[in-house]
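# Chains, contacts and geometry: an overview
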Amino acid sequence: DLDVFPKETVGLVGESGSGKTTLGRAILGLYKPSAGQVVFGGQDVSSGDAAARQKLHRNLQMVFQNPFASLNPFRTVRSALSDGFAHRSLSRAERDAALVSLMEQVGLNESMLDRYPHEFSGGQRQRVVLARALTVEPGVIVADEPVSALDVSIQAQVLNLLGDLKKRLGLTLVFVTHDLRVVNFFCDRIAVMYMGRLVELGTRKQIMEESRHPYTRMLLSAAPRDEPGVEIDRPWVKNELDATAPLGNACNFAARCWARQALGNPERCMTERPEDHPREDGRVVACHFEEQIPALAAAETAR
């Protein structure tokens, strides 16, 4: 289970194949869950008639990873953005004024409205994609790796823009990324996924500084460092993601778990799935030995 609260930014992190994008698309109703529900404002996003779903989806929008594939190359920016105003009763003059205002909100100018996507840089295209999502005045935006295809300096500009829009418009953001530096800079809470399951959830400080799950510790140790000339030892980054789910009720990370090996391969990891219920402080840690992880991590680092 994962709750997302109004006006917060939740980061979804994990390796490729862990289910981040699938969850993001399920939130929007693009994928229908094989089990469970996605509920927004008390309504299941995948149920109800077409009119009810259409009204609901105005509140739920997505910014995709690749800005080069997100826009129709045969349509101008004005044409692409105008579709979002179809549900509003606006005159042509009012719609044109709204388009200009929207472009200014995302850091672009009026002269760009009649350009085609190939005339923009990657960062500018992503701003247009963001503007398109904002045309329906959504409450929630799912951003699927929105800066991974951009240069580092442009990434910072787009992240700052998203943060500014979140404050001014009261947006709720679900931010899908594999970059821990981005979530540390941008997110209020962080959810760590592994093979389709939530293994750890907590505030930015809890995850980045006080992690208690072996998989999260492994991700953190694999992140690039900004210390030139310092050799980095990553003793926990072992093996690759196995697409085969563990048999029975085993912990889904057991086969790769460095902590399990350090503890002498306890049988419990292979016979009992860890609970993933929230604690009193809101933290979720799906590990039988979470209390021992900080000490084990310190020992591994010192080795």
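So, here's what we can say about the structure.

## Quick word on the pattern of salt bridges
Two side chains carrying opposite charge are able to pair once their charged atoms lie near each other. Following the criterion strictly, the structure yields 18 salt bridges and no others. Arg78 is paired through a salt bridge with Asp96; the nearest N and O atoms lie 3.6 Å apart. Here Arg78 is found in helix α3 (residues 77–82), whereas its partner Asp96 is found in helix α4 (residues 92–105), with 18 residues between them in sequence. Assessed through its relative accessible area of 24%, Asp96 is described here as partly exposed. Between Asp96 and Arg95 there is a salt bridge, and its shortest N-O distance comes to 3.5 Å. Its relative accessible area of 24% is what places Arg95 among the partly exposed residues.

## Structural notes on the sheet that holds strand β7 (residues 189–194)
Strand order in the open sheet formed by seven strands is β4-β5-β6-β1-β7-β8-β9, and the pairing between neighbours is mixed. Single-partner strands in this sheet number two, and they are β4 (60–63) and β9 (284–285). Taken together, the four bridges between strand β1 (residues 9–13) and β7 define a ladder with parallel strand orientation. Paired with Gly11 across the bridge in β7 is Ile190. Relative to the sheet, helix α5 (residues 122–134) contacts β4 and β5 (140–144), its axis offset from that of β4 by approximately 175 degrees.

## As for the layout of surface pockets
One simple way to see leftover space: roll a probe sized like a water molecule over the atoms. By volume, the largest pocket is sized at about 1000 Å³. Looking at the largest pocket, it is lined by 32 residues, and the ones nearest its centre are Leu2, Leu23, Ile27, Gln37 and Val38. Elements supplying a minimum of two residues to the lining of the largest pocket: α1 (20–28), β2 (39–40), β6 (172–176) and β8 (197–203). When residues of the lining of the largest pocket are assigned to their parent elements, the largest contribution, four residues, is made by α1.

Criteria and thresholds
- Residues numbered from 1 in each chain as written.
- Predicted model: local features only at pLDDT ≥ 70, side-chain atom pairs only at ≥ 80, totals over all residues.
- Heavy atoms only, no water.
- Salt bridge = Lys/Arg side-chain N within 4 Å of Asp/Glu carboxyl O.
- Helix = DSSP H or I, 4+ residues; strand = E, 2+ residues; numbered from the N terminus.
- Buried < 20%, exposed > 50% of the residue type's maximum accessible area, 1.4 Å probe, protein only.
- Pairing = 2+ DSSP bridges.
- Contact = heavy atoms within 4.5 Å.
- Axes fitted to C-alpha atoms, helices over the stretch in contact; angles between N-to-C directions.
- 1 Å grid on protein atoms, 1.4 Å probe; cavity = no way out; pocket = protein on both sides within 12 Å on 5 of 7 lines; lining within 4 Å.
- Points joined across faces, edges and corners; volume = space filled by probe spheres on them.

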